[in-house]
Amino acid sequence: MLRLRCLLLTSCNPLPFNRQFLHSPIVSCSSSVRSKMQSINYTTGSSTKLLFRQLFEKESSTYTYLLADASHPDKPALLVDPVDKTVDRDLSLVNDLGLKLVYAINTHVHADHVTGSGLIKTKVPGVKSIISKASKASADILVEAGDKIQFGDLYLEVRATPGHTVGCVTYVTGDGPDQPQPRMAFTGDALLIRGCGRTDFQGGSSEQLYESVHSQIFTLPKDTFIYPAHDYKGFTVSTVGEEMLYNPRLTKDEETFKSIMENLKLSYPKMIDVAVPANMVCGLQDLESKAA
């Protein structure tokens, strides 16, 4: 298991912060379908509650996740993988629920949409952007394997899961009686429901992805919920146990998996030439260009 380290945000500069807890508020948990949003409140061993919302951006089939510590006085919250086109919707929900948004975090440098992190920072002063140090992208906070992102009395553990891109990470809710159970893993494009992200660009590696999923995600408790960055078939959530049994790619041996990935014959991502440069600077490409 990864050694947990703590993080402390010390400035807005795109530099690694000290490894102490990141303090921020967050809300409760809910699972949604694309047309309706259902609420699920995860009650922990203490009175802490995780408020959770799963949101969908239809053009890129991207899921954005809102989490908050609803029992904390400040109701600190964070957004995982926000999309620029749905920032107003997401911020409206944050406002409706009476939350204080503190972090906008990304699982990796996306190639199919522009992150909403930069736009959120212009609309909500004080929000900090987060991405992995391995991604080589700019953000207020750069995380590494074992770091913790704390919001209220809850936290996300950072697990390095490269392979789709060199900088992919999975964010996992904390372990312990005071944290939500079952655990939840926000896997980005590393592990999808009955699939996985492609490995033929952005430093991808099928060998590395196979190792990442099997060592960092499939080692979690089998009832851990899997929440991916995308879905194209109408699924909203899976579990570690389900994917270990039914994932048509990652249930195979490594050589078979590599052969599958090498023969996908996927088209060039239509947004990659716009999205990647923008996401390397936290989605602020247009604003920086105008300022220049």
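Look up: the structure comes first, before these words.
A. Representation of the overall build of the protein in the model. Scanning the protein from terminus to terminus reveals seven helices and 13 strands. Across the 292 residues in the protein, those meeting the buried criterion constitute 55%. For the protein, restricting intrachain contacts to residue pairs at least 6 apart in sequence, the fraction spanning at least 24 positions comes to 64%.

B. Quick look at the side chain of Asn 247. Turning to its location among the elements, Asn 247 is positioned in the loop between helix H4 (240-246) and helix H5 (254-262). Of note is the side chain of Asn 247, whose polar atom sits 3.0 Å from the backbone oxygen of Gly 195. A polar contact is formed between the side chain of Asn 247 and the backbone nitrogen of Arg 249, at a distance of 3.0 Å.

C. Main features of H5. Three or more residues of H5 are buried, namely Phe 257, Lys 258 and Met 261. Seen end-on, H5 carries its buried residues on one side only, within an arc spanning 100°. Residues of H5 that are buried in the fold lie against helix H3 (206-217). The N-capping residue of H5, defined by a side-chain oxygen 3.1 Å from the backbone nitrogen of Glu 255, is Asp 253.

D. Structural view of the packing of aromatic side chains. In this structure the tally under the stated criterion is 10 aromatic pairs. When the ring of Phe 52 is compared with that of Tyr 227, the centres are 4.8 Å apart and the planes differ by 50°; the resulting orientation is tilted. Placement of the pair is Phe 52 in strand E2 (residues 49-57) and Tyr 227 in strand E12 (residues 225-228), with a sequence separation of 175 residues. Neither Phe 52 nor Tyr 227 differs from the other in exposure class; each is buried. Between the aromatic rings of Phe 56 and Tyr 63, the centroid separation amounts to 5.3 Å while the plane-to-plane angle is 55°, which identifies the pairing as tilted. The same class applies to Phe 56 as to Tyr 63, namely buried. Joined through ring pairs, the aromatic side chains of Phe 52, Phe 56, Tyr 63, Tyr 65, Phe 186, Phe 225 and Tyr 227 make up one cluster. Between Lys 148 and the ring centre of Tyr 155, over which it is positioned, the NZ or CZ distance is 4.4 Å.

E. The arrangement of the pairing of strand E4 (residues 76-80) in detail. A large share of E4 lies buried, amounting to five of its five residues. Here E4 shows two buried faces, one formed by Pro 76, Leu 78 and Val 80 and the other by Ala 77 and Leu 79. Looking at chain direction, strand E3 (residues 62-69) and E4 are connected through four bridges and run antiparallel. By the bridge assignment for E4, Leu 66 is matched with Leu 79. In this antiparallel pair of consecutive strands, E3 and E4, the connection spans six residues, and Lys 75 shows a positive phi of 50°. Note: E4 against strand E5 (residues 100-105), five bridges, orientation parallel. From the neighbouring strand, Ala 77 faces E5, where its bridge partner is Leu 101. Once the chain exits E4 it traverses helix H1 (residues 87-96) before rejoining the sheet at E5, and the crossover so formed is right-handed.

Rules and cut-offs
Residues numbered from 1 in each chain as written. Predicted model: local features only at pLDDT ≥ 70, side-chain atom pairs only at ≥ 80, totals over all residues. Heavy atoms only, no water. Helix = DSSP H or I, 4+ residues; strand = E, 2+ residues; numbered from the N terminus. Buried < 20%, exposed > 50% of the residue type's maximum accessible area, 1.4 Å probe, protein only. Contact = heavy atoms within 4.5 Å. Polar contact = N/O pair within 3.5 Å; in protein donor to acceptor, adjacent residues only side chain to side chain. Arc of directions from axis to C-beta. Phe/Tyr/Trp six-rings, centres within 6.5 Å; stacked < 30°, edge-to-face > 60°. Lys NZ or Arg CZ within 6 Å of the ring centre and 35° of its normal. Pairing = 2+ DSSP bridges. Right-handed = clockwise from strand over helix to strand, strands pointing away.

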